[in-house]
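Breakdown of the fold
Chain by chain, the residues:
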Amino acid sequence: MAASVREKQTVALKRMLNFNAPPLKNSAAEPVWKVLIYDRFGQDIISPLLTVKELRDMGITLHLLLHSDRDPIPDVPAIFFVMPTEENIDRICQDLRNQLYESYYMNFISAISRSKLEDIASAALAANAVTQVTKVYDQYLNFITLEDDMFTLCHQNKELISYHAINRADIQDTDMEAIMDTIVDSLFCFFVTLGAVPIIRCPRGNAAEMVAVKLDKKLRENLRDARNSLFTGDNMAAGQFSFQRPLFVLADRNVDMATPLHHTWTYQALIHDVLDYQLNRVVMEEGAGGDPSPAGARPKKKNRKTYDLTGADRFWQKHRGSPFPEVAESVQEELDTYRTQEDEVKHLKSIMGLEGEDEGAISMLSDNTAKLTSAVSSLPELLEKKRLIDLHTNVATAVLDHIKSRKLDVYFEYEEKLMSKSTLDKSLLDIISDPDAGTPEDKMRLFLIYYITAQQAPSESDLEQYKTALLDAGCDLSPLNYIKQWKAFTKMAATPANYGNSGVKPMGLFSRVMNSGSQLVMEGVKNLVLKQHNLPVTRILDNLMEMKSNPETDDYRYFDPKMLRGSESSIPRNKNPFQEAIVFVVGGGNYIEYQNLVDYAKFKQGKKVVYGCSELSNAGQFIKQLSQLGQK
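Residues numbered from 1 in each chain as written. Predicted model: local features only at pLDDT ≥ 70, side-chain atom pairs only at ≥ 80, totals over all residues. Heavy atoms only, no water.

All right, on to the overall build of the protein chain then. Counting its regular elements, the protein chain contains 23 helices and 17 strands. Here the protein chain, with 632 residues, has 52% of them falling under the buried criterion. Working note: accessible area of the protein chain is about 29,800 Å², and carbon and sulfur atoms make up 52% of it. (Helix = DSSP H or I, 4+ residues; strand = E, 2+ residues; numbered from the N terminus. Buried < 20%, exposed > 50% of the residue type's maximum accessible area, 1.4 Å probe, protein only. Areas by Shrake-Rupley, 256 points an atom, 1.4 Å probe, with all protein chains shown as cover.)

Next up, the structure:
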């Protein structure tokens, strides 16, 4: 199987940190000590991929932000990993003048323009530091990989390419061009890193089409200039796609507006929805509950805890796409197995008369009985296991608090019924006017999904009734204004998205037995199990990847950047189903769609699907963008 983008991007970073030479195989050699200087963009690219320990192993003693106050370290080489922006270039020139480091390895996240290179050159000349600027590289790494099969374009300044930015009513053509160029620049970097030239498919007449046209042009220009092409020579020697090229499907967020607002039921998507989860890191406030401080006393300071949810965490890898009740059960099982092992360790310690001793003292004992050896060697492993169990217990408990206090299971079940057009067991007004069910935002999300998925828009009198109920519940109605315009516009353009016959099978309430011993008391929460169904984005991909004929996707445009001549109609098309595909949503994506694609790919033997989006927004952030659009 071809290496994933995550591996390729990691290899590219490690190569860069080794002064752009392939990392040495024999680890006996001491690495060269060096400093890494990055900007916020560089930091966001590196942090999901490399831990501080890995950086240290590669000889990075210090990693600093470009625009922080840095002291001179005269005898150390510095590796810069920054975007080629005006202020970054100015700051680098300033470093050269102040002679901060022994040598400079400049790595630009995306290609630097000729004029900016000349600025650096003239600053180096003026500072008499030409010999110290050792290398200048374009790294083409301007995207962030979060999972083996998921990437997003940027985290800093993401509002510049957000749904709101692309769909503003008052947007100028020049602004739109700039947004598209930013997106295309990142996608170009993605394909350079992947080492593959894709076949591009996109719908007509929206932002996705603009991206496709520009990307096609950029790839074509690069391929035409054979001498400097980034897709030939040594880059491609490693390109495992030589026999089959990947399919690149561009979708527009407007295809499906219900999913980004949907309440969800799988672990990773729930974390993203209700907690502060970005770049694979959850930030939680500890002890948010607890006893109120006595009157007059200063309120207790809340500790912020951060947890990294990484690929190394087996529990996370296995359960991030599972329905929440399953996760709660698994956390409990993990905890029970851990406890039995822990007792064993304690028992061993007591035999040795080492109850109070620390682990170090045990391992120094010469009398290594076989039993003790195994206990000692499994201790670090056990402690790591314990750390992960604690992490998931804390995160799952925090999620559960939200589910219970906001009745998210009720919302999830009701929205699934709306989206699959099944019969509803209670009226929408009841949920909206129930003061105990959810926050005003939850109610607004539910109502918007109802409005988006309804075959017939509600009558004026009904709508007024809903509006009154929403206002009484404290909702802000501006998102509805935008969705109304959006719906009127899409009605002319296309048929409403079909959400498949998704269904939820309620499995009854949780058995009391499981709860009594569990830390995660799930009482009263519905045990809902998901049935596999495809969301609109997954369905579009399925049609294009399997070459199915479907009115929804038949008139999608087809670009092949490798065909240097010929119009769109005369290009010979690939007739075979694709093995690899990348879906990219212009205007923002979410973990619900990602999870849906992962589930889809599980059923397709030997096929690889990658999900990308211009930004990752959860429902709260998305509804904010809608309300900004609706306030105009």
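Two faces belong to every sheet, and in a regular strand the side chains alternate between them. Among the 8 residues in strand β4 (residues 101-108), 7 count as buried, and that is most of the element. Here strand β3 (residues 73-82) pairs with β4 via 7 bridges, running parallel. Within β4, the residue paired with Ile-73 across the bridge is Tyr-101. Crossover connection from β3 via helix α4 (residues 86-98) to parallel β4: handedness right-handed. The pairing of β4 with strand β5 (residues 133-138) spans 5 bridges and is classified as parallel. Bridging across to β5, Asn-107 finds its partner in Tyr-137. In this view, the connection linking β4 to its parallel neighbour β5 by way of helix α5 (residues 114-126) has right-handed handedness. (Pairing = 2+ DSSP bridges. Right-handed = clockwise from strand over helix to strand, strands pointing away.)

Okay, a negative patch on the surface next. A contiguous patch of negative charge on the surface is contributed by Glu-326, Glu-329, Glu-333, Glu-334 and Asp-336. Following the sequence through the fold, Glu-329 ends up in helix α12 (residues 324-351). (Patch = residues over 30% accessible without salt bridge, like charges linked within 9 Å, V, L, I, M, F, W, Y side chains within 5 Å. Salt bridge = Lys/Arg side-chain N within 4 Å of Asp/Glu carboxyl O. Lys, Arg positive; Asp, Glu negative; His and termini not counted. Charge placed at Lys NZ, Arg CZ, Asp CG, Glu CD.)

Enumeration according to the criterion identifies 28 salt bridges in this entry. In this structure, the salt-bridge partner of Asp-560 is Arg-245, at a minimum N-O distance of 2.7 Å. Residue Asp-560 is located in the loop between β15 (557-559) and β16 (580-586), and its partner Arg-245 is located in the loop between α9 (234-237) and β9 (247-252); the two are separated by 315 residues in the primary sequence. Comparing Asp-560 with Arg-245, the two get one shared label, buried. Two residues, Arg-445 and Asp-442, come together in a salt bridge whose shortest N-O distance is 3.8 Å. Here Arg-445 pairs with Asp-442, and both are found in helix α17 (residues 440-453), just 3 residues apart, close to one helical turn. Accessibility classification places Arg-445 together with Asp-442 in one group, the buried group.

Residue pairs spaced three or four apart in an α-helix point in one direction, given the helix's 3.6 residues per turn. Between its first and last C-alpha, α17 extends 20 Å over 14 residues, near the 20 Å set by a 1.5 Å rise per residue. In terms of burial, α17 is largely enclosed, as 12 of its 14 residues are buried. Buried within α17 are the following residues: Asp-442, Lys-443, Met-444, Arg-445, Leu-446, Phe-447, Leu-448, Ile-449, Tyr-450, Tyr-451, Ile-452 and Thr-453. (Expected span 1.5 Å × (residues − 1).)

With that out of the way, let us pick up the environment of Asn-167. Tracing the backbone through its elements, the reader meets Asn-167 in helix α6 (residues 163-167). Here the alpha-carbon distance between Asn-167 and Trp-486, two residues 319 residues apart in the chain, equals 10.0 Å. Once you skip the residues sitting within four places of it in the chain, Asn-167 turns out to touch Asn-254, Tyr-482 and Leu-629. A polar contact is formed between the side chain of Asn-167 and the backbone oxygen of Tyr-163, at a distance of 2.9 Å. (Contact = heavy atoms within 4.5 Å. Polar contact = N/O pair within 3.5 Å; in protein donor to acceptor, adjacent residues only side chain to side chain.)

Bringing the pairing of β3 into the picture now. Burial of β3 is extensive: 7 of the 10 residues sit out of reach of the surface. Here 4 bridges tie strand β1 (residues 34-38) to β3, and the two strands are oriented parallel to one another. Residue pairing for β3: Tyr-38 is matched across the bridge by Phe-81.

You can see Glu-615 is positioned in the loop between β17 (608-613) and α23 (619-630). Buried and without a salt bridge, Glu-615 has Lys-158 as its closest oppositely charged side chain, separated by 4.5 Å. A distance of 3.0 Å separates the side chain of Glu-615 from the side chain of Gln-625, its partner in a polar contact. Non-local contacts of Glu-615, meaning those with residues more than four positions away in its chain, are made with Thr-152, Lys-158, Ser-162, Tyr-163, Gly-588, Gly-589 and Gln-625.

Here the focus is the sheet that holds strand β6 (residues 144-147). Paired through backbone hydrogen bonds, the strands of a sheet run either parallel or antiparallel to each other. One open sheet accounts for 7 strands, arranged β6-β7-β17-β16-β9-β8-β15; its pairing is mixed. Both outer strands of the open sheet, β6 and β15, are each paired with one neighbouring strand and no more. Across this sheet, the average inter-strand angle for adjacent strands is 20°, counted without regard to direction. Pairing of β9 with β16 involves 6 bridges; the strand directions are parallel. Among the inter-strand pairings, Phe-248 is bridged to a residue of β16, identified as Ile-582. Set on the sheet, helix α7 (residues 173-194) makes contact with β7 (150-152), β9, β16 and β17; between it and β16 the angle comes to about 165°. (Axes fitted to C-alpha atoms, helices over the stretch in contact; angles between N-to-C directions.)

Turning to the environment of Arg-281, a few remarks are in order. Secondary-structure assignment places Arg-281 in strand β11 (residues 281-286). You can call Arg-281 partly exposed: its relative accessible area is 36%. Here the alpha-carbon distance between Arg-281 and Ser-47, two residues 234 residues apart in the chain, equals 9.7 Å. Reaching out from Arg-281, the side chain makes a polar contact with the side chain of Asp-308 at a distance of 2.7 Å.

Note that every value here comes from positions in space, so none of it alone points to a role or purpose.
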